[in-house]
Amino acid sequence: MKLFIINIGASSTKLAIYNNDSEEVVETIRHKSEDLLKFEGLWDQLEYRRGVITSFLERNSVNLKDLAAIVSRGPVVKPLESGVYRINQEMIEDARSGIYGVHPCGLGCEIALELSNDEIPCFTVDPPCVDEMIDVARITGLPEIKRISFFQALNHKAKGYEYAQKIGKKYEDLNIVVTHLGSGISVASHKKGRVIDVTNGLAGDSPFGLDRVGTLPAEEWAEYCIANQLSLSDLKKIINGGGGIKAHLNTNNAIEVEEMIKAGNKHAKLIYEAMAFQVGKGIGAAAAALTVKPDVIIVTGGLANSDRFINYLTPMIDWMAPLYINPDDNEIMSLAKGALRGLENPNIIKDY
């Protein structure tokens, strides 16, 4: 079965042709800042991104009629259960509304639906708005504020399925803690196939990351906001993009941080280890939320490539459960495998 995969990011368009779960062509088109700055809003980029995708199809002589499915990374829409979803017009309208947030992958879904022309199956898999949290996990100390499920669901779920297949079991039969170590960090409790609790790095409810503030002491945070007379827009930029390692060390590049440490920078070492310390605490909390001993703790995402980071983290967590460390967060492959699950078992495909 031939699949066309679309993964649109803020500054890139990643495209691939898969034959079952084997890649035939994979290409990443990186867009110049000046090209994207021409567009006032995200959805104004639609024609530009469509042109990039059309050129890819022409270059690779792809006949749409040969495709078993077109698959796009999921948009930011209403909370959904995990799974494979048919992309439809209602999903696109919700993505365009901005009610639930804005993300470039919504463009990919609209272009995928256009290309399908109501003839080719058109899917998305485990969008970031996957919400399977149990009610008790949503409650905070203020009735006006609820915890929200928003995380790297695609990679979390893909790693859960991958590990289960590796040991000859079903993901739905396992209790797993997964942490995704990217620019933002998420830690989740996967109980028998459902993410019953998860941190939200975009909202400042998580360990701090390379450029995310993570959870802060509430009183000090309130005093900081008032003292600096920060607007809501200012605060959002700090929470998502202006905090974490970047705020401490003026970089969000882990390789640069490790170079600082090798050069003898003790402050950089302290901050890097503090991030790992917070991740370890988060994993402990996620294990407790399962109410049973985890079958495995999965560590994935770019920072899992760092021996220094993993060596600091490991003694905090390896007494809880076996560790499965796999840095690879290949979203293209995860989308392909998810779509194949749907094509092979049509009864699991969900309507939005």
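Quantities reported herein were computed from a predicted structural model and do not represent experimental measurements.

**Q** How would you explain the overall build of the chain if you had to name every residue and give the values?
**A** Counting its regular elements, the chain contains 13 helices and 12 strands. Taken over C-alpha atoms, the radius of gyration comes to 21 Å for the chain, in line with the 20 Å a tight globule of 352 residues would show. Considering only C-alpha atoms, the chain reaches an extent of 55 × 50 × 45 Å along its principal axes. A total of 352 residues make up the chain; the buried ones form 49% of that total. Considering only contacts in the chain between residues 6 or more positions apart, those separated by 24 or more positions represent 67%. Carbon and sulfur atoms provide 51% of the accessible area of the chain, an area that totals close to 16,900 Å². Averaged over its 37 positive side-chain charges, the chain has a centre that lies 4 Å from the centre of its 46 negative ones.

**Q** Give a description of the domain arrangement of the chain that names residues and reports values.
**A** Interfaces are often sized by the accessible area lost when the parts come together. According to the domain assignment, the chain consists of domain 1 (2-129 + 331-350) and domain 2 (135-321). Domain 1 and domain 2 are separated by 27 Å when their C-alpha centres are compared. In this assembly, 12 residues from domain 1 lie in contact with nine residues from domain 2. Here domain 1 meets domain 2 over a buried area of about 910 Å², counting both sides, of which 62% is carbon and sulfur.

**Q** Tell me about the packing of helix 7 (residues 218-227) against helix 8 (residues 232-239), and name the residues and values.
**A** Helix 8 packs onto helix 7 with a crossing angle of 130° between their chain directions and a minimal axis gap of 11 Å. Regarding the angle of helix 7 to helix 8, the classification is oblique. Considering only the axes of helix 7 and helix 8, their crossing is right-handed. Facing Trp 221, Tyr 224 and Cys 225 of helix 7, the residues of helix 8 in contact are Leu 235, Ile 238 and Ile 239. Across the contact of helix 7 with helix 8, the residue classes tally to six nonpolar, no polar and no charged.

**Q** Explain the pattern of salt bridges residue by residue, including any values.
**A** Per the stated rule, a full pass over the model turns up 18 salt bridges. Glu 132 is the partner of Lys 157 in a salt bridge, and the nearest nitrogen-oxygen pair spans 3.0 Å. Here the residue Lys 157 occupies a position in helix 6 (residues 153-166), and Glu 132 occupies one in the loop between strand 6 (122-125) and helix 5 (135-138), the gap between them amounting to 25 residues. In this structure, the salt-bridge partner of Arg 147 is Asp 205, at a minimum N-O distance of 2.9 Å. Linking Arg 147 in the loop between helix 5 and helix 6 with Asp 205 in the loop between strand 9 (194-198) and helix 7, this pair joins segments that are 58 residues apart in sequence. Each of Glu 81, Arg 194 and Lys 350 takes part in a single network of salt bridges with overlapping partners.

**Q** Tell me about the packing of aromatic side chains, and please be specific about residues and values.
**A** Taken as a whole and judged by the stated rule, the model has six aromatic pairs. Judged by centre distance (5.6 Å) and plane angle (45°), the rings of Phe 39 and Tyr 48 are tilted. The class for Phe 39 is partly exposed, based on a relative accessible area of 23%. Taking the centre distance of 5.3 Å and the plane angle of 50° together, the rings of Tyr 163 and Tyr 324 count as tilted. Note that Tyr 163 is positioned in helix 6 and Tyr 324 in strand 11 (residues 323-326), a separation of 161 residues in sequence. For Lys 78, the ring lying beneath its charged end belongs to Tyr 352, and the centroid distance is 4.5 Å. Positioned over the ring face of Tyr 161 is Arg 341, at 4.1 Å from the centre of the ring.

**Q** I'd like to hear about the side chain of Thr 251, residue by residue, with values.
**A** Structurally, Thr 251 is set in the loop between helix 9 (244-249) and helix 10 (254-262). Those residues in contact with Thr 251 that sit more than four places away from it in its chain are Leu 210, Ile 245, Lys 246, Glu 256, Val 257 and Met 260.

**Q** Tell me about the pairing of strand 11, and name the residues and values.
**A** Only one face of strand 11 is covered, namely the one carrying Tyr 324 and Asn 326; the face carrying Leu 323 and Ile 325 has none of its residues buried. As defined by bridge partners, strand 10 (residues 296-300) adjoins strand 11 across four bridges and the pair is classed as parallel. When the bridges of strand 11 are listed, Thr 300 appears paired with Asn 326. Traced from strand 10 through helix 12 (residues 307-317) to strand 11, the parallel crossover comes out right-handed.

**Q** Give a description of the sheet that holds strand 12 (residues 350-351) that names residues and reports values.
**A** Strand order in the open sheet formed by seven strands is 3-2-1-4-6-5-12, with mixed pairing between adjacent strands. In the strand order of this sheet, the two ends are held by strand 3 (22-30) and strand 12, each with one partner. By the bridge criterion, four bridges tie strand 1 (residues 2-8) to strand 4 (residues 69-73) in an arrangement that is parallel. Bridging from a neighbouring strand, Ile 6 pairs with Ser 72 of strand 4.

Definitions and limits used
Residues numbered from 1 in each chain as written. Predicted model: local features only at pLDDT ≥ 70, side-chain atom pairs only at ≥ 80, totals over all residues. Heavy atoms only, no water. Helix = DSSP H or I, 4+ residues; strand = E, 2+ residues; numbered from the N terminus. Rg over C-alpha atoms; globule rule 2.2 N^0.38 Å. Buried < 20%, exposed > 50% of the residue type's maximum accessible area, 1.4 Å probe, protein only. Contact = heavy atoms within 4.5 Å. Areas by Shrake-Rupley, 256 points an atom, 1.4 Å probe, with all protein chains shown as cover. Lys, Arg positive; Asp, Glu negative; His and termini not counted. Charge placed at Lys NZ, Arg CZ, Asp CG, Glu CD. Domains from an automatic or database assignment. Buried area = accessible area lost by both parts, 1.4 Å probe. Axes fitted to C-alpha atoms, helices over the stretch in contact; angles between N-to-C directions. Parallel < 35°, antiparallel > 145°, perpendicular 65-115°, else oblique. Left-handed = near helix turned anticlockwise from the far one by under 90°. Nonpolar A, V, L, I, M, F, W, Y, C, P; charged D, E, K, R; others polar. Salt bridge = Lys/Arg side-chain N within 4 Å of Asp/Glu carboxyl O. Phe/Tyr/Trp six-rings, centres within 6.5 Å; stacked < 30°, edge-to-face > 60°. Lys NZ or Arg CZ within 6 Å of the ring centre and 35° of its normal. Pairing = 2+ DSSP bridges. Right-handed = clockwise from strand over helix to strand, strands pointing away.

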